[in-house]
Structure formats: structure tokens, C-alpha cells
Amino acid sequence: PVVKGVKSPSERFAGADETFTIEALMQNGWALQSGTSHFLGQNFARAFDVEFQDSEGGRSLVWATSWGVSTRLIGALIMTHSDDAG
């Protein structure tokens, strides 16, 4: 099973307005963080001057997200489907 969650401000990705996570529960009851999604708002757009041309021809700051999964998911897959015989 997978548990959805929201990171606390101290655990949040630096510069993000919110960080969301999914935790996969292993057979031993431990949780393994399996993926994160960061709502960056317009923080990075302001810092790096990232703009787009809006429908009125003006320039607006982009709204951004960042997400990722890692090779940790391969470990989660193996741990989830393993047994005591290997």
C-alpha cells in the first residue's frame, strides 16, 4: 500500500510552497519515501526571471512544479514482492 502525505515546512523542498510525498509500506511495516512533488508557486520564476507571454501580450511569471522518483522505487518493488526465501 501507498500512503499520501504533505511534508512539514522543515521537511519541504527549499523554496517550495508545498511538498507532497507518497510512502510505500514495506512488509516489515516500515515506510519508504517513494516519490515527491513540489509546488514551487512563482518563487523560482522570480529568482530566475522565468516568464511567458500571456494572452494579452504581456509578460507573466510562470507557476512551477517539480517532481521526481528515484531508483528507490526499484528497491521498493523488490522489498514489496520479496519473501523470506529471497
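Residues numbered from 1 in each chain as written. Predicted model: local features only at pLDDT ≥ 70, side-chain atom pairs only at ≥ 80, totals over all residues. Heavy atoms only, no water.

J.: Hey, could you run me through the overall build of the chain in this one?
T.: The secondary structure content of the chain amounts to two helices and six strands. Along the chain, from the amino end to the carboxyl end, the secondary structure elements read β-β-β-α-β-β-β-α. Counting only C-alpha atoms, the chain reaches 65 × 25 × 20 Å along its principal axes. By the burial criterion, 19% of the 86 residues in the chain qualify as buried. (Helix = DSSP H or I, 4+ residues; strand = E, 2+ residues; numbered from the N terminus. Buried < 20%, exposed > 50% of the residue type's maximum accessible area, 1.4 Å probe, protein only.)

J.: Can you help me understand the packing of aromatic side chains in this one?
T.: How two aromatic rings sit relative to each other is given by the distance of their centres and the angle of their planes. Summed over all chains, the structure comprises three aromatic pairs. Plain terms: the ring middles of F13 and F44 are 6.4 Å apart, the flat faces sit at 25 degrees to each other, and that makes the pair stacked. Of this pair, F13 sits in the loop between strand 1 (2-6) and strand 2 (18-25) while F44 sits in helix 1 (residues 43-48), and the two are 31 residues apart along the sequence. Overall, F13 belongs to the partly exposed group, its relative accessible area being 38%. (Phe/Tyr/Trp six-rings, centres within 6.5 Å; stacked < 30°, edge-to-face > 60°.)

J.: Can you help me understand unusual backbone geometry in this one?
T.: We note that D49 has phi near 55 degrees; this positive angle belongs to a residue other than glycine. With respect to the helices and strands, D49 occurs in the loop between helix 1 and strand 4 (51-53).

J.: What's the story with the environment of I74 in this structure? I'm lost.
T.: Within the secondary structure, I74 is located in helix 2 (residues 72-81). Residues I74 and S34, 40 residues apart in the sequence, show an inter-C-alpha distance of 9.5 Å.

J.: What is the right way to read the environment of P9 from this model?
T.: You can see P9 is positioned in the loop between strand 1 and strand 2. For P9, a relative accessible area of 63% puts it in the exposed group. Expressed as a C-alpha distance, the spacing of P9 and Q27, which sit 18 residues apart in the sequence, is 29 Å.

J.: It is not clear to me how a nonpolar patch on the surface should be interpreted in this structure. Could you clarify?
T.: Residues W67, V69 and L73 make up a contiguous nonpolar surface patch of roughly 340 Å² in combined accessible area. Turning to its location among the elements, L73 is positioned in helix 2. Residue classification places L73 among the partly exposed positions, given a relative accessible area of 33%. (Patch = residues over 30% accessible without salt bridge, like charges linked within 9 Å, V, L, I, M, F, W, Y side chains within 5 Å. Areas by Shrake-Rupley, 256 points an atom, 1.4 Å probe, with all protein chains shown as cover. Salt bridge = Lys/Arg side-chain N within 4 Å of Asp/Glu carboxyl O.)

J.: Would you mind showing me how to read the sheet that holds strand 6 (residues 64-69) here?
T.: Hydrogen bonds between backbone groups are what pair the strands of a sheet, and the pairing can be parallel or antiparallel. Sheet architecture is open: four strands sit in the order 1-2-3-6, paired in antiparallel fashion. Across the chains shown, the open sheet's two edge strands, defined by having one partner strand only, are strand 1 and strand 6. Each strand axis lies, on average, 15 degrees off the axis of its neighbour in the sheet, ignoring direction. With five bridges connecting them, strand 1 and strand 2 associate as antiparallel partners. Each residue of the ladder has a partner; that of V2, found in strand 2, is A24. (Pairing = 2+ DSSP bridges. Axes fitted to C-alpha atoms, helices over the stretch in contact; angles between N-to-C directions.)

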